[in-house]
Amino acid sequence: MKALKEKLIAELKKCGTDLVRCGRAEDMRDGGVKKLFPEARTVICVLFRQLRGTRRGIEEGSVYYQYTTSVETVEEVMLPGALLRGCWVLEEAGFEALPQRRYQLVMQEKEGTNFEVAYDEIYRGLESETVLDFEKCAVDCGAGEIGLSGSLLTDDFGPSQRWGFIITDAELPPDEVVTPHLCDRCGECIKACPGHALSAEGKRNDWQCAAYYKGANRSKNPFMPPNAFEDDPERLKIISGEADLSPEKAKEILELIRFYPPVKHAMVASMCGRACDTACYVHLEEKGVLKRKFRTPFRKRPVWELPIEE
Amino acid sequence: MINAEIIKQKALEYGAAAVGIGDIAGFAGVSPQRDPKMILPHAKCIIGFLFRVPRALFRTMNEHTQFMQYTQVGVKYIDEDLSEIFLLKMGALIENEGYDACLQRNISNLRIKGDHSTNPELVDTYELVNAEPVAPGKPAPDVIIDFNLAAAVCGLGRAGDSGHLIAPKLGPFLRMAFIVTDAPLVCDPPFGAPLCDHCGACAAACPGKAIGEEGTDTWQCAVYYRGAHKSNPFMTEQFLAGDPEREQVIEGEKHFDRESARAIYKKIDFLPSRSTGYIPCICGRACDAACYRHLKEKGVL
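From a predicted model like this one, the values you see are computed outputs, not experimental measurements.

A.B. asks: Describe the domain arrangement of chain A, listing the residues and the values that go with them.
C.D. replies: Residues and elements named next belong to chain A. Segmentation of chain A into domains returns domain 1 (2-168) and domain 2 (188-287). For domain 1 versus domain 2, the distance between C-alpha centres works out to 24 Å. Tallying the contact residues gives 32 residues for domain 1 and 37 residues for domain 2. Counting each side, the surface lost to burial between domain 1 and domain 2 is near 3,100 Å², with a carbon and sulfur contribution of 64%. On the domain 1 side of the interface with domain 2, the three residues burying the most area are Tyr64, Phe115 and Tyr119, jointly 25% of the side's total. At the boundary of domain 1 with domain 2, the tally comes to two salt bridges.

Here it is in C-alpha cells:
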C-alpha cells in the first residue's frame, strides 16, 4: 500500500497538487464519510496552494478580479482534475474511490449562507445531500490545524489553500494528525475583518461575513458609489462595518451591492479579499513559522483605507 | 514522426482510460450532418478517447447519500474542462507534425436541424432549426458526429439498449471525446458484437419508463433524470400539489413530449443547476447502474 500511496501522490503532483495527506476513515469525526462510503478505509486530502500573488491586487487596492477567479479556477478546474486522476489510479488498482470537491450551493442546514457564493443560489435543508465538513476532515487527514477564524492552517501555506478529498476502500498509510502549533490566537484575523464578522472567540457570523465579503464596507471597497445605501437610516453604520446585520438585513444589503460583477459558478467577487486570512498569513510570516519562504514579505506598506464620508 | 502507438501512449498519459483509432471509411453512408468528412474532407481517421467516471459516484446516487458530485465532477467537469484540455494537448501533438486535428468534444447543448431529441443532462438543448448550408453540397451546420457510432468505429465499444455506450473496461460509466485527423495512423478494427444482451435491466430500472423498444425517449428521460419520480429523496408534498396528474407523474406513468416536458421543467427544481446549466441527476442514472451490475454479474467487464 505504500507503493500505491507513492504512485497516487506522484499522479496528483502531476496535476498541480501541492500537498497530499491521508487519514484513516475510522478516525474521521465527520459521520458523512461513512455515510457516503461505509467500507471506506482512507480519506485522502488533496490540497492546492492559493498563490500569494493572487492576494496582491487587493492588498494594493489595484486589482480585484484575479483573486476570486483564481479561487474559482482551483475549485472548478484544478481540483476536480486532480481528484479524478487520483480516483482513476485507485480504480486501476482495484479499489473504489469517491471524489469530494467543495460544493457550496447546497446546504443541509435550513438557515445560513456560504459567503463565497450568491446567497439566493443556495439550496438549503437538503438532508439527503451529504456535505462533508471540509475543515474537520482536512484536520483528521493530518493536513493542518484550525485557526481562530476557522480557517485551515498548514505549515506550508498558512491559511492559503483550497482542497478536496478522495474517499477510498484502499488502506493507505495514514499521516499523523497535526498538533496545533501555528495559531497563537493573536486576534489579527478578528481585527482585519471589515465587517466585524468574527467574535472574540473567532465564531463567524456567516451573514455578516457574506455582506462584507461582497464589499459593504466603504473603507475597503473602491467601487462603492457615494450614494450607496442612501435611503438606509443605518447607512453610516453599514458602510463603516459597524452594523450588526440580521440575516434579513444582510440579504437586503447583498441585493444592493452590485458594484462589481460576480465570477462564474455563482461565486461572489471578494472585496475584502479574505482579510482575515491575509492578516493571519502576514502574522505567521512575520513570526517565521511558515515553511515556504519568500524573498520579500507580503505586507510591504501600511494597510490602505478609504475615508468614510457621511 | 507521429504514429498510432505514440498517440495511444500519450492519450493514456494525459488521462484517457481507453483510446482507439478508427478508419474514417467507417462512417460511409451516414447523414452528412453526422459525417466527420464534412468537418475535415481529407480526414483519414478518427481517434476516440474514453474517460472513466468513478464508479463510486453512481453508488452514492443510488444509495441516496449524495448527488451533486456526480454532476459536477463526473459530467460537467469531464465534458467542459477535462476533455477540452485533453483534446487541446492531443491536438497539439498532431498539429506539431503538420496534420490537422479537429477536436470533437461532446456538444451537449445543441441538436442538429431535424433532431428533436434533448440531452437530459442540461437545463435545455437547442435545435439548430434555422441553420442553412453555406454552399451547395454542404450540410447545414453544426455537423455533430454520432459519438456512439464513432466509438464503435474506433473499436471502443457499442451502444446498449439504453442508447449509452458500453465499453469492455468501463461498462457504461464513461464519457467520450474524439479527434478527426488526416494523420495516416494505423487503425483499429471496429468494435464487434455489443456487450448489451438486451436483458432489459436498464428499462426496468428507469423511474420514468423512458426506455422502450425504440431506445430512450429523451424528453421522458429528461423529466425523470431531474427528479419527477417518487423515489427522489428530495421529493416534497408540495411538488405538483393540486395537480390532478401528480400521482401519474411521480409514478412514472405520464408520457412527456417536448412541450409537456419543457412545461414541467421549472417545477422540478430540487438541486442547483442555474450556475452551470447542468441538471443534477436525481434518477442516479439508474439505467447505467443497472446495466453495470448486470455486466459485472455476467463477468464481461
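A.B. asks: Explain the packing of aromatic side chains to me, using residue names and the numbers behind them.
C.D. replies: Aromatic rings considered in pairs are described by the distance between their centres and by the relative angle of their planes. With the rule as written, the count across this model stands at 16 aromatic pairs over all chains. Aromatic pair A:Phe223 and A:Tyr260: ring centres 4.7 Å apart, planes at 50°, arrangement tilted. Placement of the pair is A:Phe223 in the loop between helix 7 (206-213) and helix 8 (235-239) and A:Tyr260 in the loop between helix 9 (247-256) and helix 10 (275-287), with a sequence separation of 37 residues. Classification of A:Tyr260 as partly exposed rests on a relative accessible area of 22%. With a centroid separation of 4.8 Å and an interplanar angle of 70°, the aromatic rings of B:Phe147 and B:Phe178 are classed as edge-to-face. In this pair, B:Phe147 is assigned in helix 4 (residues 147-153) and B:Phe178 in strand 8 (residues 174-181), connecting sequence segments 31 residues apart. Accessibility assignment for this pair places B:Phe147 and B:Phe178 in one class, buried. An aromatic cluster of three or more residues is present, and its members are B:Phe58, B:Tyr70, B:Phe173 and B:Tyr292.

A.B. asks: An account of the domain arrangement of chain B is requested, with residue identities and associated values reported.
C.D. replies: Frequently, the measure chosen for interface size is the accessible area that the parts lose on association. All names here are of chain B. Under the domain assignment used here, chain B contains domain 1 (4-107 + 139-181) and domain 2 (201-298). The C-alpha centroid of domain 2 is placed 26 Å from the C-alpha centroid of domain 1. Domain 1 puts 25 residues into the contact, and the matching count from domain 2 is 26 residues. Together domain 1 and domain 2 conceal approximately 2,000 Å² of surface at their shared face, both sides included; 67% is due to carbon and sulfur atoms. Seen at the junction of domain 1 and domain 2, the total is zero salt bridges. Viewed at the interface, domain 2 and domain 1 are joined by eight residue pairs in polar contact (both at pLDDT 80 or more). Among the elements of the structure, helix 2 (55-62) and helix 3 (68-95) are those that each provide at least two residues to the side of domain 1 that touches domain 2. A total of eight residues in the side of domain 1 that touches domain 2 trace back to one element, the largest contributor, which is helix 3.

What counts, and at which threshold
Residues numbered from 1 in each chain as written. Chains lettered and ligands numbered in written order. Predicted model: local features only at pLDDT ≥ 70, side-chain atom pairs only at ≥ 80, totals over all residues. Heavy atoms only, no water. Domains from an automatic or database assignment. Contact = heavy atoms within 4.5 Å. Buried area = accessible area lost by both parts, 1.4 Å probe. Salt bridge = Lys/Arg side-chain N within 4 Å of Asp/Glu carboxyl O. Phe/Tyr/Trp six-rings, centres within 6.5 Å; stacked < 30°, edge-to-face > 60°. Helix = DSSP H or I, 4+ residues; strand = E, 2+ residues; numbered from the N terminus. Buried < 20%, exposed > 50% of the residue type's maximum accessible area, 1.4 Å probe, protein only. Polar contact = N/O pair within 3.5 Å; in protein donor to acceptor, adjacent residues only side chain to side chain.

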